[in-house]
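Tertiary structure, described
Residues per chain are reported as follows:
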Amino acid sequence: MTALQARRDNIATSGNSVNVAHVFLDVRKKTLYCLNERARQLQNEQFPLTPADLDRQPLQTPQGQSVGPDDLPLVRAWKEGKSQEASFVRVRDGGNVEQIHWSAAPVREASGKLLGVSACVFVGPREPDWQLLAGLAHDLRSPLQALRLLVTVMEGSGPLTEAQRTVLDRVRTSAERAVAIGLDLLEWCRGPVRGGRKIDRGWIPLEPLLTSLADEVKGEAQRKALFLDARIDAVQGWEIHSDRVRLGRLLANLMNNAVRYTTSGRVLLSTEWREEHGDKKLVISVVDTGTGISPEEQDSIFNPFERGKAGRESDSTGSGLGLAVVDRLVEELALTLDVYSEYGRGSAFHLIVPLSMLRQTDAGLT
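I will try to describe carefully the structure that is included in this document. Sequence order sets the numbering: in each chain, residues are counted from 1 along the sequence as written. With the structure being a predicted model, the display of local features is reserved for residues of pLDDT at least 70 and the display and counting of side-chain atom pairs for 80 or more, all residues being used for whole-chain, interface and lining totals. The basis for every side-chain value is the complete set of non-hydrogen atoms in the structure, without hydrogens or water.

**Overview of the overall build of the protein**
Looking only at helices and strands, the protein features eight helices and 14 strands. Throughout, exposure labels follow a simple rule: accessible area from a 1.4 Å probe, protein chains only, divided by the maximum for the residue type, with under 20% read as buried, over 50% as exposed, and the rest as partly exposed. Per-residue burial over the protein gives 42% buried out of 366 residues. Intrachain contacts of the protein at a sequence separation of at least 6 include 63% that bridge at least 24 residues. Of the roughly 19600 Å² of accessible surface on the protein, a fraction of 51% belongs to carbon and sulfur atoms. Helix and strand definitions follow DSSP, with helices as H or I runs of at least four residues and strands as E runs of at least two, each counted in order from the N terminus. Note on contacts: a residue pair is in contact if any heavy atoms of the two residues lie within 4.5 Å. Accessibility throughout is a Shrake-Rupley quantity obtained with a 1.4 Å probe, and a residue counts as covered only by protein chains that appear here.

**Considerations on the environment of Glu155**
Structurally, Glu155 can be placed in helix 3 (residues 130–155). Taking C-alpha positions, Glu155 is 7.6 Å from Leu168, a pair spaced 13 residues apart along the chain. Once residues within four sequence positions are removed from consideration, Glu155 is found in contact with Leu160, Leu168 and Arg172.

**Brief notes about the packing of aromatic side chains**
Aromatic rings from Phe, Tyr and Trp, taking only the six-membered ring of Trp, are treated as a pair when their centres fall within 6.5 Å; an angle between ring planes under 30 degrees marks them as stacked, one over 60 as edge-to-face, and anything in between as tilted. Within this structure, the stated rule accounts for one aromatic pair. Two limits define a charge over a ring: the Lys NZ or Arg CZ must be within 6 Å of the ring centre, and within 35 degrees of the ring normal. A cation sits over an aromatic face here: Lys280 above Trp273, 4.6 Å from the ring centre.

**Regarding the nonpolar core**
Buried residues of nine kinds, namely Ala, Val, Leu, Ile, Met, Phe, Trp, Tyr and Cys, make up a nonpolar core once their side-chain atoms join them within 4.5 Å. If you look at the biggest cluster of nonpolar residues, it comprises 42 residues, and the most contacted ones within it are Leu250, Ile284 and Leu351. When residues of this core are assigned to their parent elements, the largest contribution, eight residues, is made by helix 6 (residues 244–260). Judged by nonpolar contacts, the second largest core, of 27 residues, contains Leu49, Leu72, Phe88 and Trp102.

**Comments concerning helix 1 (residues 37–44)**
Along helix 1, the residues that are buried comprise Arg38, Ala39 and Leu42. For helix 1, the buried positions fall inside an angular range of 100° around the axis, keeping them on one side. Just past helix 1, the residue Gln46 takes up positive phi, approximately 60°. By arc we mean the arc of the directions from the helix axis to the C-beta atoms, nothing more.

**Thoughts on the packing of helix 5 (residues 206–223) against helix 6**
Note on method: axes are straight lines fitted to C-alpha atoms, helices fitted across the in-contact stretch only, with angles between N-to-C directions ranging 0 to 180 degrees. Running from N to C, helix 5 and helix 6 point in directions that differ by 30°, and their axes come no closer than 10 Å. On the basis of the axis angle, helix 5 is roughly parallel to helix 6. Considering only the axes of helix 5 and helix 6, their crossing is right-handed. From helix 5, Leu209, Leu210, Leu213, Ala214, Val217, Glu220 and Ala221 reach across to helix 6, where they touch Leu247, Gly248, Leu251, Ala252, Met255, Asn256 and Val259. Should an angle fall under 35 degrees it is called roughly parallel, over 145 degrees roughly antiparallel, and 65 to 115 degrees roughly perpendicular, with every other angle called oblique. With the far helix as reference, a near helix turned anticlockwise by less than a right angle produces a left-handed crossing, and one turned clockwise produces a right-handed crossing.

**Notes on the pattern of salt bridges**
When their charged atoms lie close together, side chains carrying opposite charge are able to pair. Criterion for a salt bridge: a side-chain nitrogen of Lys or Arg within 4 Å of a carboxyl oxygen of Asp or Glu. For the coordinates displayed, the defined rule picks out eleven salt bridges. Between Arg40 and Glu37 there is a salt bridge whose closest N-O contact spans 3.4 Å. Remark: Glu37 and Arg40 occur in helix 1; sequence separation between them is three residues, near one turn of the helix. Its relative accessible area of 36% is what places Arg40 among the partly exposed residues. Asp70 is paired through a salt bridge with Lys79; the nearest N and O atoms lie 2.9 Å apart. Take Asp70: its relative accessible area is 48%, and that puts it in the partly exposed class.

Written out as structure tokens, the structure is:
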């Protein structure tokens, strides 16, 4: 099996890096130099790199106000002698909107004399209104939860034919998947504005939390004739200092994925203690005998909206966001995730918790 590490992409190292233009303004010659191919492309497009270009290609602030020559970070860094950053939008022909982010910094001689201004410009698609999307995803939960409740009521309303039970089972399965997708979408949309989302840490008893997570997927595991095993005695009497909602969502995604992509065999939720280089750590594992991850896809399993071969070949209608959300939550909670997978043989996700986030209660002392 191949070990993977939960990966976090940065825009500067992703495929979007080709959209970053680098320029240098020589203030002595009052000449702008394009330092890479993207900068030359923007110049050929008459993109407003300098105040003179604003007449041909006007920019706006995110609030819709016009951008003047003195608003450009390149000019401000020159005049004020300090680093500047700003974000603008540009409306292209056809109504397409681009987001622009400028970063500019003065360059000086050893004596302190200003030589010029070095700047980089990122041009890309406009960011969605994440708060609006998060609100819509949140509002979707109520009707979906009502649908799940309605299925339960109908199942208990009286004798049903085999055909009726089959239909209700399909409706319930679809509703469960829709709720899971809605929760993933809600978590993903919250991400870009998570600076305003306080991580609400508190002491959480681990055994009840893990037991409830296993109970949540028990019904689906039984429907697929899977053996669901929970071996969590190692955390009896232990608590973790974390965010209950985020940690629960992280582990629920791992459990749901394991059940979703396992057609036969078992899903195991387990806990164990490990000691590495004198450091004691808790490992919470979700292991399955499912389809696994093909070698060519193992570098991209945490990318958003990507569904691997297993997802495409199964009857699952997942969003492709589950593991991307897991990756984000692992980062937010300052945890570590190791992944081992082999196509056709299953996967093992190991969430590693440092001892500094754990404590043993009186109930766990024997």
